[in-house]
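Here's the letter readout for the chains.
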Amino acid sequence: MPDVKFDASASIQLLPIVMPAPAALPLGEWHGRGLCAGEDPDVFFPSRGEPGTQARQICAACAVRDECLAYAIGADEFGIWGGLDQDERRKLRRRQRRKRANVGCKTRQSEGAA
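Residues numbered from 1 in each chain as written. Predicted model: local features only at pLDDT ≥ 70, side-chain atom pairs only at ≥ 80, totals over all residues. Heavy atoms only, no water.

Asks: Help me understand the overall build of the protein chain in this model?
Replies: Secondary structure summary: the protein chain contains three helices and zero strands in total. Ordered by position in the sequence, the α and β elements of the protein chain form the string α-α-α. Relative to all contacts within the protein chain whose residues are 6 or more apart in sequence, the contacts with residues 24 or more apart total 41%. Total accessible area computed for the protein chain in this model is approximately 9,300 Å², and 57% of it derives from carbon and sulfur atoms. (Helix = DSSP H or I, 4+ residues; strand = E, 2+ residues; numbered from the N terminus. Contact = heavy atoms within 4.5 Å. Areas by Shrake-Rupley, 256 points an atom, 1.4 Å probe, with all protein chains shown as cover.)

This is the structure in structure tokens:
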């Protein structure tokens, strides 16, 4: 093993470690037109186990519900967005992925039969 000597007078330069921040999806112009604008945010972030009934009622009547739901699915937001909570949106996302995968399989099968 080589003989290693440490020079206490040598300066050590530490480089900063920079972690990229998660990229937040832009809300879009639809956000300001939502019926939730001006409502108490706590309505849309119910305590664990609470159904968020008031938030769901507001979302059901909202003209930008589809845009809101699409945003929340893409951003994996917490709380009630587009009338669904986080677990419901994740289930919806899985169903949408399965549906797209099944359509892709059927398309490839029909192309192979030609």
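Asks: Please clarify how the environment of R65 should be interpreted in this entry.
Replies: Position of R65 among the secondary structure elements: in helix 2 (residues 65-75). Sequence separation of R65 and H31 is 34 residues, and the distance between their C-alpha atoms is 9.7 Å. When neighbours within four sequence positions are excluded, R65 is seen to be in contact with C59, A60, G82 and G83. Here G82 takes part through its backbone oxygen, which lies 2.7 Å from a polar atom of the side chain of R65. (Polar contact = N/O pair within 3.5 Å; in protein donor to acceptor, adjacent residues only side chain to side chain.)

Asks: Is there a simple way to explain the pattern of salt bridges in this structure?
Replies: Taken as a whole, this structure holds four salt bridges when the rule is applied. For the salt bridge of R56 with E88, the shortest nitrogen-to-oxygen distance reads 2.8 Å. Remark: E88 occurs in helix 3 (residues 86-113) and R56 occurs in helix 1 (residues 53-60); sequence separation between them is 32 residues. A relative accessible area of 23% places R56 in the partly exposed class. A cluster of three or more residues bridged by salt bridges with shared partners is formed by R56, D85 and E88. (Salt bridge = Lys/Arg side-chain N within 4 Å of Asp/Glu carboxyl O. Buried < 20%, exposed > 50% of the residue type's maximum accessible area, 1.4 Å probe, protein only.)

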